[in-house]
Amino acid sequence: MSIRIVVAGNTPEVTRKWHERFVRATTAAQFIEWAEGQPPVDADYAIVWRPPGALFRQERRLKAAFNLGAGVDSVMRLPELPAELPVLRLEDAGMARQMAEYVLHGIAHVTRRFADYADLQQAGQWRQWPPVSYSEWPVGVMGLGAIGSQVAQAIVAAGYPTAGWSRSARHVDGVHAFGGPDQLGAFLERSRVLVNLLPLTPDTENILNRQNLKMLQSGGYVINVARGPHVVDEDLLALIDEGHLQGALLDVFRVEPLPADHPYWKHPKIRITPHVAAMTLEEETVRQVLRKIELLEQGRPVTGVVSRGRGY
Ligand SMILES: NC(=O)c1ccc[n+]([C@@H]2O[C@H](COP(=O)([O-])OP(=O)(O)OC[C@H]3O[C@@H](n4cnc5c(N)ncnc54)[C@H](OP(=O)(O)O)[C@@H]3O)[C@@H](O)[C@H]2O)c1
């Protein structure tokens, strides 16, 4: 009997799109579009993107669930998720490169004064600022995982003094390693540009709050490409308005799409993008998920299994 795999997205369109991609990729498994209320299909695996919890109530024989993204917060918070079900996440799958490009753009925007040059252009003025002094722009990357470690390396290669903060003080070549809550203060104090690439867990929610952001060097800049609930929005806005921070580039928000009346839309020192910093690439994603299913079926080890204790 062939392997049965249920595909469940947050909308019927998303479900259909991913179902098609997987059907096109292989005939070695049977893919079923999941819909709430349908009879259980006794699937072996689930491939999900922000799935409804009902999926896990209905499908009781799953051997593993594959998340179609790097961040698993929308799955791990489901009360219906069985405690013993392995959840796997995407590891890079083409996202790290996009993320590095996005973050370097954000850093250069502030260090090379592109906003000032845009103003000068509007004013019809030809004026050159002094060259950037890289040593004056220490960058700190929070989260040195599959994506964060590659982003940190790209920042090192661009010439900025770079530090990284992770749970375990993970080593990345050329990156000054800080680890755990005890070293968070020292990490923030030496950073002027802060790049957030942490997973969203109970330990990291609201971590970009007033107390922590205040520790950044004066004239600091925040780039949040992880998850909206990492940032306490009022605190970030206040520190920008008080002049301690000179601005922020934000890709993710507590509510998405960002509500029309949110102050971020019109703030002159905040730039926003609609959760596009690193998009899931279909071909690489399908290949990675199918390869891991193959390994699991052979009883071989796989990487990218979420630790229930750590939440990422
Ligand atoms: N905006 C977008 O388009 C987009 C796209 C993709 C991903 N993302 C976000 O990026 C996040 C990171 O992805 P990834 O694949 O790099 O994740 P990952 O491989 O799971 O790495 C997570 C990193 O965060 C560190 N960390 C976790 N909890 C921590 C804590 N409490 N204190 C200190 N460090 C902690 C880990 O430390 P250890 O190394 O010690 O374990 C690790 O270095 C995702 O969770 C997702 O939210 C956003």
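Preceding this paragraph is the structure being described.
What comes next concerns the included structure. Being a predicted model, the structure only gives us computed values, none of them experimental.

A separate point is the packing of helix α4 (residues 95-111) against helix α6 (residues 148-157). α6 packs onto α4 with a crossing angle of 45° between their chain directions and a minimal axis gap of 9 Å. Classified by the angle between their axes, α4 and α6 sit oblique to one another. Considering only the axes of α4 and α6, their crossing is right-handed. Along the contact surface, α4 presents Ala96, Met99, Ala100, Val103, Leu104 and Ile107, while α6 presents Gln150, Val151, Ala154 and Ile155. When its residues are assigned to classes, the contact of α4 with α6 shows nine nonpolar, one polar and no charged.

Overall, parallel pairing links the five strands, which are arranged β2-β1-β3-β4-β5 in an open sheet. Each edge of the open sheet carries a strand with a single partner, namely β2 (29-33) and β5 (87-88). Along the sheet, helix α1 (residues 12-25) makes contact with β1 (3-8), β2 and β3 (45-48), crossing β2 at roughly 170°. Along the sheet face, helix α10 (residues 282-297) touches β1, β2, β3, β4 (64-67) and β5 and points at about 165° away from the line of β4.

What follows covers the side chain of Asn196. Here Asn196 lies in strand β9 (residues 193-196). Note on Asn196: relative accessible area 0%, which makes it buried. Polar side-chain contacts of Asn196 include one of 3.0 Å to the side chain of His230. Ignoring any residue separated from it by four or fewer positions in sequence, one finds Asn196 in contact with Met142, Leu208, Ile223, Asn224, Val225, Ala226 and His230.

Our next topic: the site of the ligand. In the neighbourhood of the ligand, 30 residues make up the surrounding shell, with Arg89, Ile147, Ser168, Arg170 and Tyr312 lying closest. Residue Gly145 places a main-chain N or O atom 3.2 Å away from an oxygen atom belonging to the ligand. Between a nitrogen atom of the ligand and a side-chain N or O atom of Asp251, the distance comes to 2.9 Å. With the chains in place, 95% of the 940 Å² that the ligand exposes on its own is no longer accessible. At the level of elements, α4 and β7 (162-166) are the ones that each hand at least two residues to the shell around the ligand. Residues that form the shell around the ligand fall into these classes: 16 nonpolar, eight polar and six charged.

Thresholds, definitions, all that
- Residues numbered from 1 in each chain as written.
- Predicted model: local features only at pLDDT ≥ 70, side-chain atom pairs only at ≥ 80, totals over all residues.
- Heavy atoms only, no water.
- Axes fitted to C-alpha atoms, helices over the stretch in contact; angles between N-to-C directions.
- Helix = DSSP H or I, 4+ residues; strand = E, 2+ residues; numbered from the N terminus.
- Parallel < 35°, antiparallel > 145°, perpendicular 65-115°, else oblique.
- Left-handed = near helix turned anticlockwise from the far one by under 90°.
- Contact = heavy atoms within 4.5 Å.
- Nonpolar A, V, L, I, M, F, W, Y, C, P; charged D, E, K, R; others polar.
- Pairing = 2+ DSSP bridges.
- Buried < 20%, exposed > 50% of the residue type's maximum accessible area, 1.4 Å probe, protein only.
- Polar contact = N/O pair within 3.5 Å; in protein donor to acceptor, adjacent residues only side chain to side chain.
- Near = heavy atom within 4 Å.
- Areas by Shrake-Rupley, 256 points an atom, 1.4 Å probe, with all protein chains shown as cover.

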